[in-house]
Amino acid sequence: MTAERIDGKEVAASVVATVTEATKKLIADTGMVPGIAVVIVGEDPASQVYVRSKGKRAEECGFHSVTHKMDETTSEEDLLAMVVNLNEDDAIHGILVQLPLPKHIDEGKVIQTIAPEKDVDGFHFINVGKLGTGETETAFVPCTPAGCLVLIKRALGTDDFSGLNAVVVGRSNIVGKPVANLLLGANATVTIAHSRTKDLPAIARAADILVAAVGRPEMIKADWVKPGACVIDVGINRIDAPEKGEGKTRLVGDVAYDECAEIAGSITPVPGGVGPMTIALLMAATLSSACRAAGVTPPKI
Ligand code: NDP
């Protein structure tokens, strides 16, 4: 079998198109313009790239978009004051503080200061609790896990995973646990595996849906994959690529793509799989927040 390659770029573009259309309608019907604020502290180059892409995508969607760049030496107090201001700003429906923050700032304190109804990253305890208790109608869900679910639903052609076994490798708060909760919410039978799990290949082989969020290059091999499984690779790992020239590198996922694609039914590539979904789902979350503020039902993604 050769797996269907799940094209995250294409699916992300369709999510952005839905958000853009719904934004036009929201503005026409209510005058409400979805607003997103991204706060970045310091000069981390990768964070700068992410923040620029978020701003660009927000403008494409027709949002009001602001980026607050704060100096590396910004105090925790000043950052908290910025967040409180954004909480009180009626033109802003989604607040995202780009992580990581400089070491002198308590990330947890900053995240818990964001108003839960504007926490489009879904990291506030209220949103984590809502996801954990199945209150997904009003929860904000972390964007990468939400993107994984969209990809799985489209690949399997159903929103209902009744009778399917899902295995999530990784138990982080930003990927593994929320993906597992979302899969459970869609009626899958879910196993969460991690570094202390015994005989991981055998557990993975039972999965109809296998999600890898580990951060170990190409750890998941063909003989870990059940024939026909849907394989979602969240991992982003940079490895040496001497074949491209001295000092060159390339990106790979947590799944050995070529060999697993021979066994799986559908599989995401890296790059071009889960990666593009994160920003698309951030846009969808911001639109949802604006729709809630306007008393309008958000579009189904
Ligand atoms: P973390 O490092 O927070 O978590 C990794 C998880 O993998 C942990 O639960 C750890 O187990 C588990 N793990 C580590 N080694 C093994 C092993 N040998 N066998 C089984 N489990 C293992 O990573 P994140 O969840 O933040 O990210 C995971 C990957 O996803 C990374 O490559 C990251 O770059 C990528 N990522 C991609 C995003 C995207 O937009 N596409 C967004 C976010 C992350 P334990 O808990 O026992 O230590």
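Definitions and limits used
- Residues numbered from 1 in each chain as written.
- Predicted model: local features only at pLDDT ≥ 70, side-chain atom pairs only at ≥ 80, totals over all residues.
- Heavy atoms only, no water.
- Disulfide = S-S within 2.5 Å.
- Near = heavy atom within 4 Å.
- Polar contact = N/O pair within 3.5 Å; in protein donor to acceptor, adjacent residues only side chain to side chain.
- Areas by Shrake-Rupley, 256 points an atom, 1.4 Å probe, with all protein chains shown as cover.
- Nonpolar A, V, L, I, M, F, W, Y, C, P; charged D, E, K, R; others polar.
- Pairing = 2+ DSSP bridges.
- Helix = DSSP H or I, 4+ residues; strand = E, 2+ residues; numbered from the N terminus.
- Axes fitted to C-alpha atoms, helices over the stretch in contact; angles between N-to-C directions.
- Contact = heavy atoms within 4.5 Å.

### Regarding the state of the cysteines
Counted under the stated rule, the structure contains zero disulfides. Summary of cysteine pairing: Cys-230 is not part of a disulfide, and the nearest cysteine sulfur, belonging to Cys-148, is at 9.8 Å.

### Side note on the site of the ligand
Not every one of the 22 residues close to the ligand is listed here, only the nearest: Arg-171, Ser-172, Ser-195, Arg-216 and Thr-278. The side chain of Ser-195 places a nitrogen or oxygen atom 2.5 Å from an oxygen atom of the ligand. Within the backbone of Ile-236, a nitrogen or oxygen atom sits 3.0 Å from an oxygen atom of the ligand. When the ligand is considered free in solution it has 940 Å² of accessible area, and contact with the protein chains removes 70% of it. Of the residues contributing to the shell around the ligand, the split by class is 10 nonpolar, 10 polar and two charged.

### Some details on the sheet that holds strand E4 (residues 94-97)
In sheet architecture, strand pairing relies on hydrogen bonds along the backbone and comes in two forms, parallel and antiparallel. Here we have three strands laid out as an open sheet, ordered E3-E2-E4, and parallel in their pairing. With partners counted over all chains shown, the strands left at the sheet margins are strand E3 (64-70) and E4, one partner each. Here the strands of the sheet are splayed against their neighbours by 15° on average, with no regard to which way each runs. Both strand E2 (residues 35-41) and E3 contribute to a ladder of seven bridges, which runs parallel.

### Observations regarding the environment of Ile-192
Relative to the assigned elements, Ile-192 resides in strand E6 (residues 189-193). Remark: the alpha-carbon pair of Ile-192 and Asn-237, spanning 45 residues in sequence, is separated by 21 Å. Setting aside anything within four residues of it in sequence, one finds Ile-192 in contact with Val-168, Gly-170, Arg-171 and Ala-180.

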